[in-house]
Every structure is written in structure tokens, then in C-alpha cells.
Amino acid sequence: MRRREFWMLIGPSVLVMFGLLVVPLIRTVQWSFQQVSYGTPGTFVGLSNYTQALTDPRFGRAVFFTVFLTLVVTAIMLVVGYLVAIGVNNLTRLRPYILGAMLVAYVLPGVVGAVSFSWLFDQNFGGVLNLLIERLTGQSFLWFTDTWPNRVMVVAHTVWHLLPFAVLMILAGVQGVPNELREAARIDGANSWKMHVYVIIPTMRGIIGFVCLITIMDVLRTFDSLIPLSPQADAIGNESIMFYVFDTAFRDGSQQLGLGSAVNVLSIILILICLFPFIRDLLKEAKAKA
Amino acid sequence: MRIHTHVRNGVAAMAITATLVGLTACGAGSRTNEGATEVECDYTMPEADTTVNVLAYNSSAIDPFTDTMVASCTRDNVTLLHDPIDFSGQVTKTTATLAGDTGTYDIIETYGFAVPEIASAGSIEPLDDFVTEYSEKYDLDALDEGMRSALSYDGQLYALPMQAQMYIMAYREDVFEDLGLEAPTSFEDMIDAAEVIREQGDIEYPIAMPWSATADISTNYQAAMNSEGADFISEDGEAQFTTEESRTALEGMKSLLPYMDPQVTTFDQPSVQQQMFNGSAAMAVMFSGRMNDLTLETNSALFEDFAFAAPPKVGAESPYLFSRLSVDGWAIPANTQLDKDMLFQMMASAVGEDASTAAVPAAYPAREGIVTDDSSRYAVAANNTIAETMPAPNHPASAAVTNAIRPVLVQVLLGQTDVDAGMQQMQDLADAAIDGL
Amino acid sequence: MIPNTATAPTAKASSVVSPPRKRRRPTGKRTSAVLLILLALVMLAPFVWTGLSVTKPTNVAFANPPVVSGYTPTLEAFRNLWETTYFARYLGNTAIVALISTVVALLIGIPAAYALSRFPGWVSAVLLLLALIFRSLPRFSVVLPMYEISRSLGIYDTNFALAAALVAINQPFTIWLLRNFFADIPKELDEAAMIDGCTRVSLLWRIMIPLMRPGILTAGVFVFLFAFQEYLTALVLTDTTSKTVPVFITTQLGQTLPMLQQAGAAAMLLTLPVIGIAFVAQKYLVAGLSDGSVKG
């Protein structure tokens with residue numbers, strides 16, 4: 001393909017991404033060095049937004065919780081997603097029903113699903129699941145005001161929402177594993193456990209990496225589900241970084257846009273660190289091609 | 001075969017949707033102003049097609065005024081639009097629309113607490129000239145003097161008062177009668193009643209109040225301080241968080257906590273209504289605008305069992321009730337592109353006599369002589385409360401100070417910070433917020 | 001959208017959908033089937049419970065303890081939703097924005113993905129890496145500036161602005177996914193067609209796109225879903241005129257009983273058609289993904 005053709009074909013897409021992603025991003029970086037609110041030109045304040053964010057214990061709590069949530073959810077997603085995908089793959093007649101039913105959680109808009117989820121736990125709205133858990137365990141949990149029960153609920157919601165995606169991807173991956181490979185392993189006397197560990201999983205390293213990557217990206221920017229699920233998120237240490245930005249830079253008359261932007265920039269750095277392994281692989285690939 | 005199965009499932013879901021839509025959507029948009037009163041709305045018709053966007057949160061007290069305005073003033077070239085929105089949505093949208101040279105909204109609902117801040121910033125229009133011009137046409141002199149001053153800043157009126165909201169106590173008359181209890185008049189009374197109800201009734205957490213940690217809790221603290229005769233900011237602009245009144249208010253609130261749902265710091269006013277609807281609480285204190293809902297059969301099987309009284313005082317000897325008087329009114333954003341004379345007349349018709357009469361019993365209109373003791377089941381309580389609520393003019397720094405102290409307030413009430421340290425922290429935060437303006 | 005780390009052979013393995021026949025103990029199989037059915041029910045629970053709540057009469061809808069029988073189901077909440085709010089407008093906005101942004105995302109994404117799959121060298125690699133980084137950006141870092149820019153351009157609160165934002169935000173995912181599909185189509189095909197005198201554009205249009213149908217369907221479904229679900233971008237970039245259903249539902253959370261029930265009804269109406277799409281599309285999604293992104 002000639003260079004001219006390449007740029008002609010890719011031009012519109014690149015133009016859109018640069019115009020609508022890079023330009024706003026530059027504005028965010030500018031704002032992060034300013035004291036500014038919407039509709040007014042800002043004044044340059046150097047690094048003070050950054051020092052304010054980095055010395056704010058609230059920001060520290062938000063980073064901790066976000067990273068915690070990402071790690072836990074990603075781990076659960078990979079393990080449970082794999083098990084469920086294998087199970088679904090073995091189904092025959094039931095498969096479309098199970099897969100279709102599971103996809104419901106994924107197609108519900110995040111915030112809507114979170115509202116439904118919160119009604120299951122909120123006694124003011126019946127709280128049917130809360131009631132069930134109380135009856136079963138004989139204990140009552142403060143799902144919205146105690147840090148750990150709230151974390152459990154938020155993790156459960158996030159897994160509930162994202163699991164179908166992992167299942168779908170891993171299922172696609174499992175189906176991509178050539179049958180000859182399984183047969184060969186079986187002839188070599190591999191039992192089912194060994195088959196998974198030595199044959200299927202290594203073959204699917206790519207797709208598992210992909211699920212991992214997408215999950216990390218999506219959980220790191222958890223935001224809307226916390227509106228119904230954790231109404232006093234900061235007070236109990238369950239606020240995500242994006243929620244912190246929302247609160248400082250948009251909601252309830254708060255217009256500390258500079259501070260919010262600084263937090264945005266910091267979280268971009270955090271995300272890049274989390275994604276570093278993937279980026280490194282890509283760079284290697286690029287180098288190999290150069 | 002399998003292809004057909006799941007296609008069939010998909011088609012089934014579509015069919016359910018289609019049926020639901022078919023069964024329910026035939027009158028789409030037909031009742032957007034259901035039950036609205038038609039009043040005269042006599043503005044000069046603009047020549048161009050005009051859309052007037054109205055920002056007002058939904059509650060049974062605000063809705064009648066909004067609906068009357070939208071229904072009566074929409075005609076010919078002019079369409080008024082009002083999207084449903086909750087209170088916190090209104091707060092966010094108000095900030096957004098007032099920032100910058102243009103905004104989405106042309107008429108906004110606002111309230112005494114918010115007026116000084118947005119008026120001093122020049123974000124809403126002063127209305128005095130319009131009031132002078134249209135006083136006779138819309139009989140504006142009948143709007144209560146005190147409520148007008150609650151929506152004024154620096155001697156100028158910035159919002160046209162439509163109604164007042166004050167704290168009311170709703171309680172379960174059946175439960176109280178069975179146990180031989182009287183409506184409590186102090187926090188101590190409330191606790192005594194709660195003890196009895198917990199012991200002899202089967203309500204574990206009898207007291208319900210909206211102590212949402214991100215919003216209403218600070219209003220409750222302010223009401224408790226008002227009961228003691230002090231406010232967040234004194235008349236000469238000093239923060240009052242280290243005063244004795246502040247301490248009494250905090251300790252009073254803390255003493256109620258054991259009798260309130262452990263998750264009370266996540267409850268807004270609708271949650272408190274839910275507690276009452278569901279019979280999980282026996283007494284609730286919140287703004288009067290939320291009381292009418294309790295009297296409706298469609299909302300709860302217990303609707304006949306609720307009785308209403310003025311809220312208690314913090315201490316038996318406190319000078320005022322545990323209450324805030326909040327006045328709601330209509331304001332014109334300074335950045336609207338529409339004819340402000342037209343907008344004012346729309347607002348004026350919506351607070352006229354017919355509109356105000358129609359808003360009873362859900363609201364307590366600003367027009368004098370509309371609410372009598374027979375107006376509603378809680379009218380007596382409302383009139384009593386107004387007489388004994390501390391007059392507390394709002395300060396331009398009120399909003400900033402309130403936002404600044406709220407997290408500390410929550411920590412103090414939950415026992416994570418002790419009262420003395422918390423009072424000092426709030427004082428420092430408030431000083432900084434006042435200096436920042 | 002994965003790095004080339006798959007070590008195993010990437011032979012054009014089965015879009016074979018039938019599961020491998022294993023001689024497993026039937027009990028084990030049955031247990032796992034039962035477990036999966038249970039899991040599916042648990043996954044459906046929040047949706048089903050909301051469905052129940054919105055079809056109850058208002059005074060028992062959110063009763064505590066919950067009422068599960070002894071009431072007459074009603075569609076009143078749905079009727080009120082249509083008649084007392086501008087729900088039809090919100091739903092229309094949501095659908096229009098999702099459709100437009102999907103079509104545009106594919107229109108500019110397909111050629112871009114094709115180019116990336118055919119143009120070797122570091123330029124493609126760097127562009128792909130940038131796309132990956134764009135995909136991971138915190139939404140606020142682009143949406144808050146968009147809010148200000150759209151206000152100053154006078155396009156704030158329009159379907160156009162929202163659709164444009166969503167095209168850009170979903171573009172990285174679109175080109176990654178599509179590129180993987182294109183990578184599967186042998187380059188020899190291009191060369192043969194070029195010898196026959198095809199231009200790149202007509203090659204793409206007449207040969208590639210028909211071959212790419214499953215891939216385009218998969219990408220289209222995902223982009224449509226992302227746009228249909230989007231909350232944050234719509235929250236910040238819209239106000240009244242182009243408000244979408246997820247934003248509407250969220251503004252109702254602090255409302256009292258009847259309106260809260262309407263919000264639940266809105267959630268049902270928004271979701272049911274998408275569930276329909278999910279049921280129809282699931283098989284093609286699995287097959288399509290299996291062909292495409294499994295390999296890098």
C-alpha cells in the first residue's frame with residue numbers, strides 16, 4: 001500500500017480522534033495549571049493544583065480504592081469468566097439461553113443496572129436481597145454506610161456488569177483453540193486439569209490479555225455506578241478517582257476545574273503505569289517492524 | 001435449530017417491548033401538565049417562535065406552580081418546556097446554566113439559601129422595576145413581606161416568592177395513641193417516645209430525618225443551631241461554629257442517632273418518606289413540601305395514620321423550634337436571550353391568586369391569606385412552625401461555608417471526630433470560605 | 001485489540017460452533033449445567049426485580065418487607081412515563097445518537113482499520129498504540145473540555161455534538177477490533193484484485209466489505225451498545241433538547257414514589273429492545289470474535 005493511500009484511508013479517523021480527543025486533552029492539561037471555572041479564562045497557578053491533589057488525603061483514598069477495585073474485579077473476572085466460558089462451551093441446547101440471559105447485565109446501561117442493584121440492597125426500597133442475606137446469615141449488614149459491606153456490594157455490581165463481556169471473549173477464544181491440539185493432548189494422556197493449564201490457557205494467552213486490558217481500563221474509570229451504590233462514597237473511603245473529579249469539577253456548584261483537571265492528568269499517568277506491560281509489548285512489536 | 005431459538009428469544013423481547021409501548025404510549029406527552037390550573041398569562045406575544053426552558057425540581061409542593069406556568073403561558077408562538085429533574089439535579093444545572101454568556105434555561109426555580117450567592121455574582125436579574133410596573137396587574141403586594149425579603153439581596157428582590165417551606169413533624173398517630181404518647185416538643189421528648197416505641201411497638205428505629213451526608217445534613221444542623229438562637233454566620237459575617245449553640249446543636253443531633261436507622265447518612269427526603277410509607281419509622285421531621293405525599297392513598301396503606309405537628313425544639317427551653325424557613329421563588333437568569341419582561345409576567349401569573357389557591361394543600365403559598373388552618377392536614381402545624389422559627393437571613397457565603405463544613409459535620413455526628421475538635425475544624429474551614437469570597 | 005502475543009498456532013480454527021464431544025461423566029455435566037442456570041438467574045435478578053417493582057401498584061412497589069403476591073399488576077407506571085414526561089423524546093434522542101454514531105464510526109473506522117492492517121511499519125504500530133491509550137483515557141479528561149468547547153461553539157445540548165463525541169470516544173475500539181478482522185484476510189487477495197485493475201477504494205468496497213460482514217456486525221453491535229448505554233458523556237454534553245434515557249433515569253433518583261417507579265419503567269423500556277438485540281446477536285458475536293480478535 002502506498003503512503004498516500006494509507007493516509008487517505010486512515011485520514012478521517014485520525015482527524016476525528018485528534019480533533020475530538022487530542023484537542024480536549026490539551027485543554028485539560030492547560031487547565032490543570034490554572035485556576036479556572038467554565039466560561040472564564042483561567043489564571044496560571046503553576047503546580048499548585050497538583051500539590052493540592054497530591055496532598056489531599058481524599059485523593060489518596062480515591063486512588064487506593066480505585067486500584068483495589070481494579071485488582072479484585074480483574075482477578076475475579078478472569079477466574080470466573082474462564083470457568084463460566086468453559087461451562088457454557090460444553091452446553092448444547094441451553095447455550096443461547098444462558099448466554100443471552102447473562103448478556104442482559106452487560107447491555108443494561110451501567111447507571112441503570114446500578115440503580116436496580118441498589119434496590120436489591122436498600123431496605124427503603126424493599127431490599128429483597130438484603131432481607132434474604134439477613135435471614136440466611138442472621139446478621140444485618142450496613143451495605144451503604146459500612147466500608148467493607150459497601151465494597152463487597154460495589155465489587156459484586158462491577159463483576160455482575162462486566163462478567164458477560166469476559167465470558168463472551170473467552171468463549172470466543174476457547175472456540176478458537178484448534179481441536180487437533182486438544183486431541184493430541186488427550187492422546188498424550190492429559191487429564192482435564194492439565195488440558196486447561198498446559199493447552200487451552202497458553203493458546204489463549206492473547207485473548208486473556210485482551211480481557212485483562214479491557215477490564216483494567218473499564219474498572220479504573222468506575223464512576224456512574226457509585227452514584228446509587230455509594231451515596232457517601234468519600235466518607236467511607238469508597239470513592240473512585242473519577243467520582244472525585246466529578247465532585248470537584250462538575251457537581252453541585254463545585255467548579256474547581258483546575259483541580260479536577262490535575263486529577264485527570266494524574267489518573268492518566270496512573271492508567272499508563274497500569275497498562276505499561278501491554279504498551280511495552282506493543283512497542284516491541286513496533287520496533288520489530290521498523 | 002439453535003439459530004432459530006435465540007432469534008425467537010430476541011424477537012420475543014422486541015415483541016414485549018412493542019406491546020408495552022403499544023399499551024402505554026398511546027397518549028405520549030398528553031398529560032405533561034396534568035391537573036394544571038389555567039390562569040391568565042398575559043405577556044406581549046413575541047413575533048418569532050420562542051421556547052422558554054424552565055428549570056424546577058419536582059416535588060408535590062413545587063409541581064403545581066410549575067405546571068400552572070407551563071400550561072397557562074404556552075400558546076401561539078411560545079412554548080414552555082419543563083423537564084422532570086430531582087433536587088440535586090436542579091442544583092447542578094443552576095450552576096451550569098448561570099456560568100458563561102448563554103445558558104439553557106430562561107426561568108429558574110431558586111430558594112433563599114441560594115439567592116445571595118448567585119445574586120451577588122450578578123447571575124440573576126433584580127426584579128424591583130418589574131414589580132413596580134406590574135404590582136397592580138398581578139396583585140404582587142399580597143406576596144408576604146417576610147418571604148420577599150428572604151429572596152432579596154442587598155435591598156433588591158431577586159426572585160418572585162411562590163411558597164415557603166418549613167420543617168414539620170409527621171408521626172404515626174395510631175402508634176402514639178396506642179402507647180399513650182403525645183407529639184414530642186423537644187429532642188429529649190423524641191428520645192423518650194422513641195424508647196417507648198422501640199420497647200412496646202415493633203419499630204426498631206422510630207426517628208427518621210434526612211441526614212444525607214452529601215446534602216441535607218447541614219440544613220438539619222443549621223436548624224438545630226437556629227433552635228438555640230444562632231446561625232452559621234452571624235449578622236456581622238463571623239462564623240459561629242465554636243459557640244455554645246453550635247455545641248448544643250451537635251450534641252442534640254448526636255443524641256438522636258441511636259434511634260435513627262444506622263444508614264441515615266445516606267437518606268434524602270424521599271428516603272425519609274419511604275421510611276414513613278413502609279412503617280419503618282414512627283416520626284419524621286423534614287420540609288413541609290414533602291408532607292402532602294404522606295396523605296395520599298396512592299402512596300401508602302398508612303396514609304390515614306399520619307398526624308402532623310410543629311417540629312420539636314432542641315432543648316425544652318430553647319428559644320426557637322428545630323426548623324428552617326426556606327422560601328422558594330422564580331428567578332430570571334441574567335444570561336437569558338429572551339425578553340425579560342415576558343418572562344417576569346410568566347412568573348407573576350404562576351404566583352397569582354388562582355395559581356396559589358390551586359397549589360394548596362401541597363404547598364404553603366407566599367400569597368397572604370391563602371393557607372388557613374383547614375387548608376390541609378398539616379396546615380395548623382405549618383402556621384405554628386412559622387411563628388416559632390428563627391428568622392435567619394442568608395449570607396452570600398452561606399453556600400460556600402455549608403459545603404466546606406459538611407464532611408467534618410458528618411465525622412462529628414458519626415463519632416469519628418470529637419465535638420470540640422470538630423467545632424474548631426469547622427470554624428477554620430468556614431473562616432477560609434468567608435475569606436475566599 | 002490484543003498485542004501479538006498468542007504463541008500457539010493461529011490456524012484458521014473453527015468458527016466451529018459445536019462444542020468438542022467429550023466423554024465426560026454425565027453427572028458432572030449436569031451439575032455444571034445446573035450451576036450455570038443458577039448463575040444466569042442470579043445475573044437476571046436485578047432486572048427481573050425492577051420489572052416486578054414497576055408493575056406493582058405504587059403503594060406496594062417499594063414496600064418493606066417486599067410484597068410478592070396479592071396485588072393486581074398494573075402498567076400505570078409505563079402509562080405515566082409516556083404521558084407525564086417527555087420520554088418519547090429521550091428515547092428518540094438515545095436511538096438517533098446511537099444509530100448515527102455507529103454508522104459514522106464504521107464509515108471512518110473501516111477504511112482506517114483496513115489501512116492499518118495493510119500498511120506495515122512503525123507508523124501503524126504507533127497509531128495503534130495511540131488508539132489503545134485513547135481507549136483508556138479517563139472520560140472526564142476529554143468530556144469536560146468538550147463541554148466548554150461545545151458551549152462556545154453553540155452546539156451544546158445537540159444530538160450532533162453528542163454523536164460526534166461518541167464517534168471519537170469509540171473510534172479506538174472500532175479500529176482495533178476491525179483491524180484484527182482485516183488481518184485475517186490474506187493480502188494475496190488484495191494483490192490479485194489490484195492486478196485486475198481495482199483501485200484501493202473499490203477493492204475495499206467490493207471485495208473486503210462483503211468478506212468482513214461478521215466483523216462489521218460485531219463492531220457495529222459493540223459501538224451501538226456503547227453509545228446506547230453512555231451516561232457520562234451524555235450527562236455533561238446535554239441538557240434538555242437532547243437528553244438521553246440514561247441521563248433522564250439518573251435525574252429521577254432523588255424523586256418521590258410515583259416518579260421513581262416511572263424511572264424503573266424507563267429502564268425497562270430502554271433495556272428490553274437491547275436484550276432482543278443481544279439474544280439475536282450473541283451467536284454471531286461469539287463466532288465473529290472467535291474469527292477476529294482471538295488472534296492479534
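Criteria and thresholds
- Residues numbered from 1 in each chain as written.
- Chains lettered and ligands numbered in written order.
- Predicted model: local features only at pLDDT ≥ 70, side-chain atom pairs only at ≥ 80, totals over all residues.
- Heavy atoms only, no water.
- Helix = DSSP H or I, 4+ residues; strand = E, 2+ residues; numbered from the N terminus.
- Buried < 20%, exposed > 50% of the residue type's maximum accessible area, 1.4 Å probe, protein only.
- Contact = heavy atoms within 4.5 Å.
- Buried area = accessible area lost by both parts, 1.4 Å probe.
- Salt bridge = Lys/Arg side-chain N within 4 Å of Asp/Glu carboxyl O.
- Polar contact = N/O pair within 3.5 Å; in protein donor to acceptor, adjacent residues only side chain to side chain.
- Nonpolar A, V, L, I, M, F, W, Y, C, P; charged D, E, K, R; others polar.
- Domains from an automatic or database assignment.
- Disulfide = S-S within 2.5 Å.
- Axes fitted to C-alpha atoms, helices over the stretch in contact; angles between N-to-C directions.
- Parallel < 35°, antiparallel > 145°, perpendicular 65-115°, else oblique.
- Left-handed = near helix turned anticlockwise from the far one by under 90°.
- Patch = residues over 30% accessible without salt bridge, like charges linked within 9 Å, V, L, I, M, F, W, Y side chains within 5 Å.
- Areas by Shrake-Rupley, 256 points an atom, 1.4 Å probe, with all protein chains shown as cover.
- Phe/Tyr/Trp six-rings, centres within 6.5 Å; stacked < 30°, edge-to-face > 60°.
- Pairing = 2+ DSSP bridges.
- Core = buried A, V, L, I, M, F, W, Y, C linked by side-chain atoms within 4.5 Å.

Turning our eyes to something else, we now look at the environment of C:Ile249. Within the element layout of this structure, C:Ile249 appears in helix 12 (residues 245–251). C:Ile249 gets classed as buried once you look at its relative accessible area, which sits at 3%. The contact partners of C:Ile249, leaving out residues within four places of it in the chain, are A:Val112, C:Ala263, C:Ala266 and C:Ala267.

When the parts come together, some accessible area is lost, and that loss is often what is quoted as the size of the interface. On the side of chain B, 22 residues touch chain A, which itself brings 20 residues to the contact. Of the roughly 1,900 Å² buried between chain A and chain B, counting both surfaces, carbon and sulfur atoms make up 52%. Our count for the chain A to chain B interface comes out at zero salt bridges. At the junction of chain A and chain B, the tally comes to seven residue pairs in polar contact (both at pLDDT 80 or more). Of the residues contributing to the side of chain A that touches chain B, the split by class is 10 nonpolar, seven polar and three charged.

What follows covers the domain arrangement of chain B. All names here are of chain B. Taken domain by domain, chain B holds domain 1 (50–165 + 326–379) and domain 2 (166–324 + 392–436). Averaged C-alpha coordinates put domain 1 and domain 2 at centres separated by 27 Å. Across the boundary between the two partners, domain 1 contributes 19 residues, which contact 22 residues of domain 2. Buried area between domain 1 and domain 2, both sides added, is near 1,700 Å², and the carbon and sulfur share of it is 60%. Of all residues in domain 1, Phe113, Arg377 and Tyr378 bury the most surface against domain 2, accounting for 43% of the area lost on that side. In this structure, the connection of domain 1 to domain 2 is made through zero salt bridges. Applying the counting rule to domain 1 against domain 2 returns six residue pairs in polar contact (both at pLDDT 80 or more). At the level of elements, helix 4 (115–120) and strand 6 (160–172) are the ones that each hand at least two residues to the side of domain 1 that touches domain 2. When residues in the side of domain 1 that touches domain 2 are grouped by element, the largest group, three residues, is from helix 4. Here the residues of the side of domain 1 that touches domain 2 are counted per class, giving 10 nonpolar, seven polar and two charged.

A word on the state of the cysteines. Residue and element names in this part refer to chain B. A complete count under the given rule lists one disulfide over all chains for this structure. Put simply, Cys41 and Cys73 are joined by a disulfide, and their sulfur atoms are 2.1 Å apart. Between Cys41 and Cys73, the S-S torsion sits near 100°, and that sign places the bridge as right-handed. Pair noted here: Cys41 is in the loop between helix 1 (2–24) and strand 1 (50–55) and Cys73 is in helix 2 (residues 63–73), with a separation of 32 residues, a long-range link.

With their axes 9 Å apart at the nearest point, helix 1 (residues 3–31) of chain A and helix 7 (residues 159–184) of chain C run at an angle of 125° to one another. It follows from the interaxial angle that helix 1 of chain A and helix 7 of chain C lie oblique. Crossing of helix 1 of chain A over helix 7 of chain C shows left-handed handedness. From helix 1 of chain A, A:Ser13, A:Val16, A:Met17, A:Leu20 and A:Leu21 reach across to helix 7 of chain C, where they touch C:Ala164, C:Val167, C:Ala168, C:Ile169, C:Gln171, C:Pro172 and C:Ile175. Counted by class, the contact of helix 1 of chain A with helix 7 of chain C contains 10 nonpolar, two polar and no charged residues.

In this section: a nonpolar patch on the surface. All names here are of chain C. A cluster of nonpolar side chains, contributed by Ile96, Leu99, Ile100, Val103, Val104 and Leu107, occupies part of the molecular surface with about 520 Å² of accessible area. With respect to the helices and strands, Leu99 occurs in helix 4 (residues 87–118). The exposure class assigned to Leu99 is exposed, which follows from its relative accessible area of 51%.

Below, the discussion takes up the packing of aromatic side chains. Residues and elements named next belong to chain B. Scanning the model with the defined rule gives 47 aromatic pairs over all chains in all. A ring pair is formed by Tyr134 and Phe344, whose centres lie 6.0 Å apart and whose planes are at 25°; its orientation type is stacked. With Tyr134 in helix 5 (residues 128–134) and Phe344 in helix 12 (residues 340–350), this pair connects stretches of sequence that are 210 residues apart. Of the residues examined, Tyr134 reaches a relative accessible area of 9% and is grouped as buried.

Glycine aside, residues mostly have negative phi angles, and peptide bonds mostly take the trans form. At the junction of B:Val360 and B:Pro361, the peptide bond is cis and its omega measures out at 10° in the coordinates. Considering the arrangement of structural elements, one finds B:Pro361 in the loop between helix 13 (353–359) and strand 11 (364–365). Backbone torsion omega between C:Asn64 and C:Pro65 reads -5°, so that peptide bond is classified as cis. With respect to the element layout, C:Pro65 can be found in the loop between helix 2 (58–61) and helix 3 (76–84). At B:Asp139, a residue that is not glycine, the phi angle is positive and equals roughly 50°.

Further remarks concern the pairing of strand 8 (residues 283–287) of chain B. Residues and elements named next belong to chain B. Summarising burial for strand 8: five of the five residues are buried, a large majority. In terms of strand pairing, strand 6 meets strand 8 through five bridges, oriented antiparallel. If you follow Tyr171 over to strand 8, its bridge partner there is Met283. Pairing of strand 7 (residues 207–208) with strand 8, which is carried by two bridges, proceeds in the parallel orientation. Its bridge partner lying in strand 8, Ala208 is registered against Ala284.

Let us look at the nonpolar core. Counting 199 residues, the largest nonpolar core has A:Met204, C:Phe87, C:Phe140, C:Leu144, C:Phe182 and C:Phe222 as its most contacted members. Three or more residues apiece are contributed to this core by two domains, here domain 1 (26–74) and domain 2 (85–291) of chain C. Once you skip the residues sitting within four places of it in the chain, C:Phe222 turns out to touch A:Tyr106, A:Phe165, A:Leu168, A:Met169, C:Phe173, C:Leu177, C:Leu285 and C:Leu289. Core analysis: the second largest hydrophobic core is formed by 84 residues, B:Ala119, B:Met166, B:Val371 and C:Leu260 among them.

Let us look at the interface of chain C and chain A. Taken together, the contact between chain C and chain A spans 108 residues of the former and 114 residues of the latter. In total, chain C and chain A occlude about 10,300 Å² of area from one another, counting both sides; carbon and sulfur atoms represent 77% of this. There are two salt bridges connecting chain C and chain A. A salt bridge links A:Arg27 to C:Glu148; the nearest nitrogen and oxygen atoms lie 2.7 Å apart. Run the count over chain C and chain A and you get 11 residue pairs in polar contact (both at pLDDT 80 or more).

For the rest of this paragraph, the subject is the pattern of salt bridges. Applying the stated criterion to the full structure yields 20 salt bridges over all chains. In this structure, the salt-bridge partner of C:Lys243 is B:Asp83, at a minimum N-O distance of 3.3 Å. With C:Lys243 in the loop between helix 11 (232–237) and helix 12 and B:Asp83 in the loop between strand 2 (78–82) and helix 3 (87–98), this residue pair bridges two chains. Here C:Lys243 falls in the buried class, since its relative accessible area comes to 2%. A salt bridge links B:Arg247 to B:Asp420; its shortest N-O distance comes to 2.9 Å. Of this pair, B:Arg247 sits in helix 10 (residues 244–256) while B:Asp420 sits in helix 16 (residues 419–436); the two residues are 173 residues apart in sequence, bridging distant segments of the chain.

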